[in-house]
Amino acid sequence: SLYRYMKRIRSEIKGFLLFTGIFIFVILVDIMAVYLYCNLVRSFVSRQPENLKGDAGILFFGDYSEDGKILGIDSKNRAGKAVTLYTTGRIKKVICVGGYDYRYWKGKPHLMKNYLIENKVAPKDIIYDSASYNTITNWWEAQKIISRFNFDTVIVISAPLHIYRISGLIKLPNTYF
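Calculation notes
- Residues numbered from 1 in each chain as written.
- Predicted model: local features only at pLDDT ≥ 70, side-chain atom pairs only at ≥ 80, totals over all residues.
- Heavy atoms only, no water.
- Helix = DSSP H or I, 4+ residues; strand = E, 2+ residues; numbered from the N terminus.
- Contact = heavy atoms within 4.5 Å.
- Axes fitted to C-alpha atoms, helices over the stretch in contact; angles between N-to-C directions.
- Parallel < 35°, antiparallel > 145°, perpendicular 65-115°, else oblique.
- Left-handed = near helix turned anticlockwise from the far one by under 90°.
- Core = buried A, V, L, I, M, F, W, Y, C linked by side-chain atoms within 4.5 Å.
- Buried < 20%, exposed > 50% of the residue type's maximum accessible area, 1.4 Å probe, protein only.
- Nonpolar A, V, L, I, M, F, W, Y, C, P; charged D, E, K, R; others polar.
- Salt bridge = Lys/Arg side-chain N within 4 Å of Asp/Glu carboxyl O.
- Phe/Tyr/Trp six-rings, centres within 6.5 Å; stacked < 30°, edge-to-face > 60°.

Describe the side chain of S65, with residues and values.
With respect to the secondary-structure elements, S65 resides in the loop between β1 (54–60) and α2 (73–87). Residues contacting S65, with those up to four places away along its chain left out, are I70, L71 and G72.

Tell me about the packing of helix α4 (residues 135–148) against helix α5 (residues 160–169), and please be specific about residues and values.
Across the interface, α4 lies against α5 with an axial gap of 11 Å and an inter-helix angle of 60°. Classified by the angle between their axes, α4 and α5 sit oblique to one another. The two elements α4 and α5 cross, and the hand of that crossing is right-handed. For the pair α4 and α5, contact is made by T135, I136 and W139 and by H162, R165, I166 and L169, respectively.

Give a detailed account of the nonpolar core, specifying residues and quantitative values.
Judged by nonpolar contacts, the single largest core of 19 residues is most densely connected at L59, I91, V94, C96, M112, L116 and V121. Secondary structure elements with two or more residues in this core: α2, β2 (91–97), α3 (109–118) and β6 (154–157). With five residues, α2 is the largest single contributor of residues to this core. The residues contacting V94, other than those within four sequence positions of it, are G57, L59, A82, L116, V121, D125, I126 and I127. With 17 residues, the next largest nonpolar core counts A56, A142, I163 and I170 among its residues.

Pulling in residues and values, what's your account of the packing of α2 against α3?
It is the contact of α2 with α3, at a shortest axis distance of 10 Å, that shows an interaxial angle of 45°. One way to sum up the angle between α2 and α3 is to call them oblique. Judged by the twist between their axes, the crossing of α2 over α3 is right-handed. Along its contact with α2, which presents S75, K76, A79, G80, A82 and V83, the element α3 presents M112, Y115 and L116. A per-class count over the contact of α2 with α3 returns six nonpolar, two polar and one charged.

Any details on the pattern of salt bridges? Residues and values, ideally.
Scanning the entire structure with this criterion turns up six salt bridges. Between R78 and D74 there is a salt bridge, and its shortest N-O distance comes to 2.8 Å. One end of the pair is R78 and the other is D74, both in helix α2 and four residues apart, which spans about a single turn. You can call D74 partly exposed: its relative accessible area is 26%. For E141, the salt bridge identified is with K144, shortest N-O distance 3.0 Å. Taken together, the residues E141 and K144, both in helix α4 and three residues apart, mark about one turn of the helix. E141 sits in the buried class, given a relative accessible area of 17%. We classify K144 as partly exposed; its relative accessible area is 48%. Counted as one network, the salt bridges with shared partners bring together K93, K124 and D125.

Let's hear about the packing of aromatic side chains: which residues, and what values?
The final tally for this structure, using the stated rule, is six aromatic pairs. Where F19 meets F23, the ring centres are 6.2 Å apart and the plane angle is 20°; that geometry is what we call stacked. Taken together, the residues F19 and F23, both in helix α1 (residues 2–46) and four residues apart, mark about one turn of the helix. Relative to F151, the ring of F149 lies with its centre 5.6 Å away and its plane at 10°, an arrangement referred to as stacked. Relative accessible area serves as the criterion here: at 39%, F149 is assigned to the partly exposed category. Among the aromatic residues, those joined into a cluster by ring pairs are Y37, F44, Y164 and F177.

Below, the structure written as C-alpha cells:
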C-alpha cells in the first residue's frame, strides 16, 4: 500500500511537472510572439514616408470614457496626431471614422469633432461618418468619403498596432500611414 501510494504521488508529480513545463513553454512562446509582432509593427511604421502631404487624414476612432461623454486616452492621442498634421499643413481635411456604438444605437463621432475644433481644426475641414463601428466599417465609410470629395492622397491616423492591421485592409493607392 505504501508502494502504491508512492507510485501515485510520483505520477501526480510527473503530471504536475509536465503541466508546469507546458504552461511555461506556452507563456514563453506568447512573449516571443508579442516581441516579434511589436518589432514588425515598429519596422513597418519606421518605413513610412516622413513629411508627406495629403488631401486628408483619416482619423480612426479609438475609445471613450465609461460614461461616453469624453474621448479616451487612445482617441486623444490619435486626434492629437491629426491636429499636428493639420496645423503644420500636412493635411487639409480630417476625416473622422468610427465611434458608432451599435450596442447602444448611438455614435460618438461628435466627441472627436469637438476635440478637433477645440484644438484649432476649422469645423469646415472636419468630415465624419456616423455609421462605422469597427476597423472594416471605418474603412468602408472612409472610402465613400474619399470618393465623394475626390481626395487623391490620404494619410491614415491611428495607434501603431492598429495602423499595421489597417495596412493589410487598405489597398487604395496614395494611402499612407
